[in-house]
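# Coordinate analysis (summary)
Here are the chains, one letter per residue:
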Amino acid sequence: MKGTNSRATLLYVLSLIIFGSNGIVASYIHLPSYQIVFFRMLLATIFLLLLFLIQKRPITFYKFPQDTVALFGSGVSLGLQWIFLFEAYRLVGVGTATLEYYTGPIIVMALTPFIFGEKLSAKKILGFIVVVAGATLIVSNGVEQNLSLIGLSMGALAAILYAVMIVCNRHITQISGLENTIIQLGIGCIVVAITTLIFHGIEIPADLSSVHWVAVLIIGLFNTGVGSLLYFPQLTQMPVHRVAIFGYLEPLSAVIFSALILEEPFDSLKIIGTACILGGAIFAEIPKPNKRLAKNSLISK
């Protein structure tokens, strides 16, 4: 079980690093945010569905109706949270929206003892506080002054939907792996498509040549397709507190990518924030020494 958790954690961290590059790739796509969200989910769903068919895996979803509500809830939450988050980016700026969005893991941590029955030790809570402080330092420089109430509300809704998505995934017990990911992305894609049609209608980019279609393919097939395949199956394999704490590696990797690729400044506050996120995550996951084992070891000496 321990080995399974370690592998799940490694794949989860890798998915967060991939997601952290979303902003870099999206910066090359000259499309409205809702269209980027739709294309990335559509391409990812098609890619994973083709992979599923090529592997000739048996369809098992219909055998486990108890997972239907959780899968549907997670898929809807996924689609809506990305819509709200990208709109919050536009209305209140990336810094403020990111800061709001990553209160989602705080909500998850707060619900952990009540919904999942996982005990939170003082060490884990302290490590989580340090991680949150580090994330705040990293994104606070981008906070805008003239804030839109609608934008703030959308950022808050994105955070709540993030927590709902994690909770729903924890209740998916039978459907796993590739099939799980396809269903969630597919439902999310339908939600985004319906929402786009209601509020924006059918829009075709005026100048198709100005769209960086290679970047669209990368964010859809790799960032969302491969990233989601690594991300969703691990949510049921790891303790909830670890999902919440390690989730802050995504904004950290986004800042590092921005500094390396876009040459954005990486000042002292971001360096301190980086140290807090890494240090807090490691501190929270270091196992407590076994006092009885240590005592027996001393006696044997």
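Residues numbered from 1 in each chain as written. Predicted model: local features only at pLDDT ≥ 70, side-chain atom pairs only at ≥ 80, totals over all residues. Heavy atoms only, no water.

### Let's talk about the nonpolar core
Formed by 57 residues in total, the largest nonpolar core has its most connected members in Tyr12 and Tyr231. The dominant element in this core, judged by the number of residues it contributes, is helix 4 (residues 68-92), at eight residues. Not counting the four nearest positions on each side in its chain, Tyr231 is found in contact with Tyr12, Ser15, Leu16, Phe19, Tyr162, Met165 and Ile166. (Core = buried A, V, L, I, M, F, W, Y, C linked by side-chain atoms within 4.5 Å. Buried < 20%, exposed > 50% of the residue type's maximum accessible area, 1.4 Å probe, protein only. Helix = DSSP H or I, 4+ residues; strand = E, 2+ residues; numbered from the N terminus. Contact = heavy atoms within 4.5 Å.)

### Some words on unusual backbone geometry
The residue Lys56 is not glycine, and still its phi comes out positive at about 55 degrees. Assignment of secondary structure puts Lys56 in the loop between helix 3 (33-54) and helix 4.

### Quick look at the layout of surface pockets
Taken as a whole, the largest pocket holds about 1,100 Å³ of empty space. Along the walls of the largest pocket sit 45 residues, with Gly23, Tyr89, Val94, Thr98 and Ala254 positioned nearest its centre. Elements with a minimum of two residues in the lining of the largest pocket: helix 1 (2-20), helix 2 (22-26), helix 3, helix 4, helix 5 (94-101), helix 7 (122-139), helix 8 (149-170) and helix 12 (249-261). In terms of residues, the lining of the largest pocket owes the most to one element, helix 4, which gives eight residues. Taken together, the residues of the lining of the largest pocket sort by class into 28 nonpolar, eleven polar and six charged. (1 Å grid on protein atoms, 1.4 Å probe; cavity = no way out; pocket = protein on both sides within 12 Å on 5 of 7 lines; lining within 4 Å. Points joined across faces, edges and corners; volume = space filled by probe spheres on them. Nonpolar A, V, L, I, M, F, W, Y, C, P; charged D, E, K, R; others polar.)

### Section: the packing of aromatic side chains
Considering all chains together, one arrives at nine aromatic pairs under this definition. Where Phe38 meets Phe39, the ring centres are 5.8 Å apart and the plane angle is 55 degrees; that geometry is what we call tilted. Overall, the relative accessible area of 24% leaves Phe38 in the partly exposed class. Judged by relative accessible area, Phe39 falls into the partly exposed class, the value being 24%. Their ring planes at 85 degrees and their centres at 6.1 Å tell us that Phe39 and Trp213 sit as a pair that is edge-to-face. Placement of the pair is Phe39 in helix 3 and Trp213 in helix 10 (residues 213-231), with a sequence separation of 174 residues. (Phe/Tyr/Trp six-rings, centres within 6.5 Å; stacked < 30°, edge-to-face > 60°.)

### Details of a nonpolar patch on the surface
There is a patch of nonpolar side chains on the surface, built from Tyr28, Ile256, Leu260, Ile261, Leu262, Phe266 and Ile271 and spanning about 640 Å² of accessible area. The biggest single contributor to the nonpolar patch is helix 12, with three residues. The residue Ile261 is located in helix 12 in this model. Owing to a relative accessible area of 48%, Ile261 belongs among the partly exposed residues under this scheme. (Patch = residues over 30% accessible without salt bridge, like charges linked within 9 Å, V, L, I, M, F, W, Y side chains within 5 Å. Areas by Shrake-Rupley, 256 points an atom, 1.4 Å probe, with all protein chains shown as cover. Salt bridge = Lys/Arg side-chain N within 4 Å of Asp/Glu carboxyl O.)

### Describing the side chain of Ser253
Relative to the elements of secondary structure, Ser253 occurs in helix 12. Among the polar contacts listed, one links the side chain of Ser253 to the backbone oxygen of Glu250, at a separation of 2.8 Å. Residues within four places of Ser253 in sequence aside, it is in contact with Leu16, Ile17 and Gly20. (Polar contact = N/O pair within 3.5 Å; in protein donor to acceptor, adjacent residues only side chain to side chain.)

### Focus: helix 12
Its 13 residues place the ends of helix 12 18 Å apart at the C-alpha level, agreeing with the 18 Å of an ideal helix rising 1.5 Å per residue. Restricting attention to buried positions, one finds in helix 12 the residues Leu249, Glu250, Pro251, Leu252, Ser253, Val255 and Ser258. Glu263 sits one or two positions beyond helix 12 and adopts a positive phi of about 60 degrees. (Expected span 1.5 Å × (residues − 1).)

### A few points about the packing of helix 4 against helix 9 (residues 177-200)
When two helices pack together, their arrangement is given by the angle between their axes and by how far apart the axes lie. Their axes nearest at 7 Å, the elements helix 4 and helix 9 cross at an angle of 50 degrees. In terms of their interaxial angle, helix 4 and helix 9 are classed as oblique. In this structure, helix 4 crosses over helix 9, and the sense of that crossing is right-handed. On helix 9, the residues touching Leu71, Phe72, Ser74, Gly75, Val76, Leu78, Gly79, Leu80 and Ile83 of helix 4 are Asn180, Ile183, Gln184, Leu185, Ile187, Gly188, Val191, Val192 and Thr195. Classifying every residue of the contact of helix 4 with helix 9 by side-chain character gives eleven nonpolar, seven polar and no charged. (Axes fitted to C-alpha atoms, helices over the stretch in contact; angles between N-to-C directions. Parallel < 35°, antiparallel > 145°, perpendicular 65-115°, else oblique. Left-handed = near helix turned anticlockwise from the far one by under 90°.)

These results come straight from atomic positions and should not be treated as a statement about function.
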